[in-house]
Amino acid sequence: MEQGTVLLKRGLAQMLKGGVIMDVVTAEHAKIAEEAGACAVMALERVPSDIRADGGVARMSDPTKILEILEAVTIPVMAKCRIGHFVEAQILESLGVDYVDESEVLTPADESHHIWKHDFKVPFVCGCRDLGEALRRIGEGAAMIRTKGEAGTGNIVEAVRHMRAVKSGISRITVMGSEELMAEAKSLGAPFELVLEINRTGKLPVVNFAAGGVATPADAALMMQLGCDGVFVGSGIFKAEDPAARASAIVQAVTHFKDPDVIARVSTGLGEAMPGIDIRTLAETEQLARRGW
Amino acid sequence: MVIGVLALQGDFEEHAIVLSRLGAEVREVRAAADLEGLTGLIIPGGESTTITRLLTAYGLLEPLRERIDDGLAVMGTCAGAIVLAQHAAGLDRPGIERMAIRVKRNAFGRQRDSFETDIDIAGIEGGPVHAVFIRAPVIEGVDPPARILASLPDGRVVAARQGNMIALAFHPELTADTRVHAYFLQVASASVAAAPAGLAHHV
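Before going into details, it helps to say that this report is about the structure given with it. (Residues numbered from 1 in each chain as written. Chains lettered and ligands numbered in written order. Predicted model: local features only at pLDDT ≥ 70, side-chain atom pairs only at ≥ 80, totals over all residues. Heavy atoms only, no water.)

Thoughts on empty space enclosed by the protein
Part 1 of the reasoning: Under the definition given, this model contains five cavities of 30 Å³ or more.
Part 2 of the reasoning: If you add up the space inside the largest cavity, you get close to 180 Å³.
Part 3 of the reasoning: In terms of lining residues, the largest cavity is bounded by 21 residues, among which D23(A), A151(A), A211(A), G212(A) and G234(A) are the most central.
Part 4 of the reasoning: Among the residues making up the lining of the largest cavity, the classes are represented as eight nonpolar, seven polar and six charged.
Part 5 of the reasoning: What lines the second largest cavity is a set of 14 residues, and nearest its centre among them are G46(B), E47(B), C78(B), N106(B) and R135(B). (1 Å grid on protein atoms, 1.4 Å probe; cavity = no way out; pocket = protein on both sides within 12 Å on 5 of 7 lines; lining within 4 Å. Points joined across faces, edges and corners; volume = space filled by probe spheres on them. Nonpolar A, V, L, I, M, F, W, Y, C, P; charged D, E, K, R; others polar.)

What to know about the interface of chain A and chain B
Part 1 of the reasoning: The interface is formed by 41 residues belonging to chain A together with 37 residues belonging to chain B.
Part 2 of the reasoning: For the pairing of chain A and chain B, the buried interface totals around 3,100 Å² over both sides, and the portion due to carbon and sulfur atoms is 48%.
Part 3 of the reasoning: The interface formed by chain A and chain B includes five salt bridges.
Part 4 of the reasoning: With a shortest N-O distance of 2.9 Å, E13(B) and K17(A) are connected by a salt bridge.
Part 5 of the reasoning: For the pair chain A and chain B, the interface holds 29 residue pairs in polar contact (both at pLDDT 80 or more).
Part 6 of the reasoning: When residues of the side of chain A that touches chain B are traced back to their parent elements, those giving at least two are α1 (6–15), α2 (27–36), α5 (86–95) and α12 (243–255) of chain A.
Part 7 of the reasoning: When residues in the side of chain A that touches chain B are grouped by element, the largest group, seven residues, is from α1(A).
Part 8 of the reasoning: Classifying every residue of the side of chain A that touches chain B by side-chain character gives 17 nonpolar, 15 polar and nine charged. (Contact = heavy atoms within 4.5 Å. Buried area = accessible area lost by both parts, 1.4 Å probe. Salt bridge = Lys/Arg side-chain N within 4 Å of Asp/Glu carboxyl O. Polar contact = N/O pair within 3.5 Å; in protein donor to acceptor, adjacent residues only side chain to side chain. Helix = DSSP H or I, 4+ residues; strand = E, 2+ residues; numbered from the N terminus.)

Remarks on the packing of aromatic side chains
Part 1 of the reasoning: Overall, the coordinates contain six aromatic pairs over all chains when judged by the stated rule.
Part 2 of the reasoning: Seen in terms of ring centroids, F133(B) and F170(B) are 5.6 Å apart; in terms of plane orientation they differ by 55°. Their pairing is tilted. Residue F133(B) is located in strand β8 (residues 129–133), and its partner F170(B) is located in the loop between β12 (165–168) and α5 (179–194); the two are separated by 37 residues in the primary sequence.
Part 3 of the reasoning: Exposure remark for F133(B): the relative accessible area of 1% places this residue in the buried category.
Part 4 of the reasoning: In textbook terms, an aromatic cluster arises when at least three aromatic residues are bridged by ring pairs, as seen for F108(B), F115(B), F133(B) and F170(B).
Part 5 of the reasoning: Cation over ring: R137(A) sits above W293(A), and NZ or CZ is 4.8 Å from the ring centre. (Phe/Tyr/Trp six-rings, centres within 6.5 Å; stacked < 30°, edge-to-face > 60°. Buried < 20%, exposed > 50% of the residue type's maximum accessible area, 1.4 Å probe, protein only. Lys NZ or Arg CZ within 6 Å of the ring centre and 35° of its normal.)

Written as structure tokens, this is what we have:
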């Protein structure tokens, strides 16, 4: 019997495909998310828009809160740790969370190094802005990838940019001759073996979700049509006027992402979405996606 | 032979790839109309709470039950097995409830307790199957006419069959071994051959 293998780590992410993973701060949030059809929840100290508004250092959630959430729902529970903070990750593993998100939404603990994720039995998901960043994280042991987008803005533009960058990066590699692949690995700053693999298979070796700015069912379906495997929703649910209705609508829009009639129907009567932010009004230091490399 | 894969949530794409490799025509099932003309249906791994919620929300539960009662071959893996079971401990929404098995969700624990191991499966030749258990259920009770297909060395049941229905606690779609899916296709094609004339419009 084997445990903590790459197949098991990547496999759990495969089970989440076609689903919505929702940010939750409390056990009460987690129950609302599960009831609405979330395929997993993500525990964090504050939702991204609050982190953005409050400032200060954003850390891993209080373990008390995480244990309450683990107790409250039967779906997988993910939790965020700071980039490079391998002890927060060790704590999350010890608490029994099902996935760790090494996340730029929290304040980085190390500006040069991400966590060496192969040492853990718990699987990791990491953010990326393009293919090179995705492959660096996979090289370090990430078993799932998500776009960074720009969390807490309710603005989908960065998630779209990042998903398109990953997709076009993959397309480029699939049409390259063998002699071009080392140069491509160099220019991407990506592990050569993973570039070879994409040249052969035409896809990422792990599941890729969209995240960062999803506020409406239409945003979620847009990301699905752009080719992601599922969607993370952060502030978009619990900062909206009617979280339960919006959560349920986003789940349905992800399942039926190719069916405009369904998306139109579930988008009706949801009340106000979260307030949005134009990314161009954010200073570079306020852009969370720039954290990590 | 058209085989459906329930595509509400979970790893339906992985199942579709294996089925295509075995030469089956695959259809993703998201609505009742997609059930028309299917020879078999796979209910994939995923989150059973999410899948059962969507089955109800999209009015798929009753049409699925009717088709299964008419003899549609169906295989559920992990969450799919939970959806098929008559009793699923810890699931607060109705599933298809057609197999005389009692399952316990997340029976081995959380993700850190997920594991891979080799098991022998009744009816599958050529040695043990490498089985991948991810936050897996166990089949705590198997009542006639359901019967056990596979157990772990400690006796816990992880695969069962009842007529044209197969329930597996693990994920044959995650390995390169296609024997389990080939077995299901045999069950499905035999169910077509055995169907009474009055049901011919279903196939």
